[in-house]
Amino acid sequence: MSDAPTAVIILAAGQGTRMKSARPKVLHAIGGRSLLGHVLAAARPLAARETVVVVGAGREQVAEHLAQVAPDVRTAVQEEQLGSGHATRVGVELLGQVTGTVVVLNGDAPLLTDSTLRSFVEHHAEHGDAMTILSAVVPDPTGLGRIVRSGERVTAIVEQKDATAEQAAITEINAGVYAFDGAHLQDVLASLSRENAQGEEYLTEAVTLLLERGRTVGAYVAPSYEETLGCNDRIELAARGRQLNDRLCRKWMREGVTIVDPQTTWIDADVELASDVTLLPGTHLAGATKVDEGATVGPDCTIIDCEIGAGASVVRTHAELAVVGTGASVGPFAYLRPNSRLGEGGKIGTFVETKNAAIGAQSKVPHLTYVGDATIGVDTNIGASSVFVNYDGVHKSHTTIGDHCRLGSDNMYVAPVTVGDGAYSGAGTVIRKDVPPGALAVSGGPQRNLLGWVGENRPGTASAEAAAAASEPVRDVDQKDA
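Residues numbered from 1 in each chain as written. Predicted model: local features only at pLDDT ≥ 70, side-chain atom pairs only at ≥ 80, totals over all residues. Heavy atoms only, no water.

## What to know about the pairing of strand β10 (residues 172-181)
Selection rule: The cut-offs for exposure are 20% and 50% of the maximum accessible area for each residue type, with area from a 1.4 Å probe on protein chains only; residues under the lower value are buried, those over the upper are exposed, and the others partly exposed. Secondary structure elements follow DSSP: runs of H or I of four or more residues count as helices, runs of E of two or more count as strands, with numbering from the N terminus. Two strands make a pair as long as DSSP finds a minimum of two bridges between them.
The element β10 is extensively covered by neighbouring structure, given that nine of its 10 residues are classed as buried. Looking at chain direction, strand β6 (residues 101-106) and β10 are connected through four bridges and run antiparallel. Residue pairing for β10: Val 102 is matched across the bridge by Phe 180.

## Focus: the side chain of Thr 101
Rules: Contact definition: two residues touch when any of their heavy atoms are within 4.5 Å.
Here Thr 101 is to be found in strand β6. If we ignore the near neighbours within four places in the chain, the residues touching Thr 101 are Pro 5, Thr 6, Ala 7, His 124, Ala 179 and Phe 180.

## Some thoughts on the environment of Pro 446
Considering the arrangement of structural elements, one finds Pro 446 in the loop between β37 (440-441) and α9 (453-457). Each C-alpha atom, one on Pro 446 and one on Arg 316, is 41 Å from the other, the two residues being 130 residues apart in sequence.

## Focus on the nonpolar core
Quick note on the threshold: Grouping buried Ala, Val, Leu, Ile, Met, Phe, Trp, Tyr and Cys residues that are joined through side-chain atoms within 4.5 Å yields what is termed a nonpolar core.
Ranked by internal contacts, the top residues of the largest apolar core, which has 48 residues, are Leu 273, Leu 279, Ile 303, Ile 308, Tyr 413 and Val 419. Elements supplying a minimum of two residues to this core: α8 (234-254), β19 (301-304), β23 (322-324), β25 (334-336), β27 (347-359), β28 (364-376) and β34 (417-419). Setting aside residues up to four positions removed in sequence, Leu 279 forms contacts with Val 257, Thr 258, Ile 259, Val 260, Thr 265, Ile 267, Leu 273, Leu 285 and Val 297. By size, the runner-up hydrophobic cluster in this structure holds 33 residues, among which are Ala 76, Val 188, Leu 203 and Leu 210.

## Considering the side chain of Asp 108
If you trace the backbone, Asp 108 turns up in the loop between β6 and α4 (114-127). With residues near it in sequence (within four places) discarded, Asp 108 still touches Lys 25, Val 26, Leu 35, Val 39, Leu 229, Gly 230, Cys 231 and Asn 232.

## Considering the pattern of salt bridges
Put simply, the rule is: Salt-bridge detection follows one rule: a side-chain nitrogen of Lys or Arg within 4 Å of a carboxyl oxygen of Asp or Glu.
According to the stated counting rule, one finds 17 salt bridges in the structure shown. One salt bridge connects Arg 74 with Glu 50, and the closest N-O pair in it is separated by 3.1 Å. Of this pair, Arg 74 sits in strand β5 (residues 74-77) while Glu 50 sits in strand β4 (residues 50-55), and the two are 24 residues apart along the sequence. According to the relative accessible area criterion, Arg 74 is partly exposed, its value standing at 32%. Among the salt bridges present, the one from Asp 187 reaches Arg 213, with a minimum N-O distance of 2.8 Å. With a gap of 26 residues between them, Asp 187 in helix α6 (residues 182-189) and Arg 213 in the loop between α7 (205-212) and β11 (217-221) connect regions that are remote in the sequence. The exposure class assigned to Arg 213 is partly exposed, which follows from its relative accessible area of 33%. Residues joined in a network through salt bridges with shared partners are Arg 89, Glu 93, Arg 194 and Glu 201.

Fair warning: the whole summary comes from geometry, so function is off the table for now.
So, in structure tokens, the structure goes:
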């Protein structure tokens, strides 16, 4: 953006005691990202020269998380949590001498959007105020700091306990997001007081200090007050999660996705959906999942970090780090573990589990089968109740099945083993050795029937009685007794 800020400072030092968790508050997650991750994503399009996250409680966990999701940001440590003003000062001190715009955000506001932040920063630049406050008009301002204005200018932020009856009726509140002229920010930070009941430095005091110095303070009203909501306990965490999911469902429906029941469909923030995708009830698309045109997912699916091809169908399936090809079908009741790849037009059917398996185009694993550490060629059929025996207790080994194979039910493939192109196998075969192309593999001997075995070995049982009755000679009903 043309008026890119010099720096963004994100306050993420609090433990969040109301979460009652060993995990820092900003690392609790909704929509596939941490609360802090959502704030970072909203701030990233501002293209600030520096982004600083102020850490404190649980700093090691926060720093480890940042190394994964935003390795380019810097961290400043607030050793004691002495208020928002003190935390901001810690961040500014890391930056050194600051000129230009500095944006201060809270790390627990996951619904804030990049478009609102861009408009907010542009408003600050256009009006030339020393400080701009992001405000919101809320239906119930009880307990929140009111924005008091004189025309366009802000004259005070008044807390609930200090508000007159007239001020208490104001519905425009402070959202806790600020843009400062960097030089003025450094000036007021050095003058913040701790003369309050908590003995902390509050950034809201900057309004009073700037006005005393003859500077101007403005406010920009967020398009939706929901964007400004924070997250302080598990109840609010669930509420923010629902609000985010509702927003994402509406976004995708506007872009041509059919969501039959948005109330039971959950979509993470990083999911990508093409037009004419259909999501049926009870579906959760998580992580970096991508679903191409015309695919149907659901009902009752959990799909994590997967690619679903155009026109594919995935029903009642749990899948993670898997690829489903164009026009392929999966489920119901399938389990696709990491590195499962199903080719175009292929099928993974009912009660099938796959892991580290490449299944070729038009190939089918219809039912009751485990395929692990395997490569299956094109247009091959794996019979029901088959197991790819890939683990000897120490090592995992690979099985390779060729193209156009027709393999019987209840087969065991004891890896490492290869079945050549066009091969067949009989039911119940245990394949321990390579099968040449075009061969029929069988492992059992001729069937033997031990006549009378049940009567001799299980006398008096229902089975013996049924066998005896079935063995009696059939009387010709047309003959008459002599």
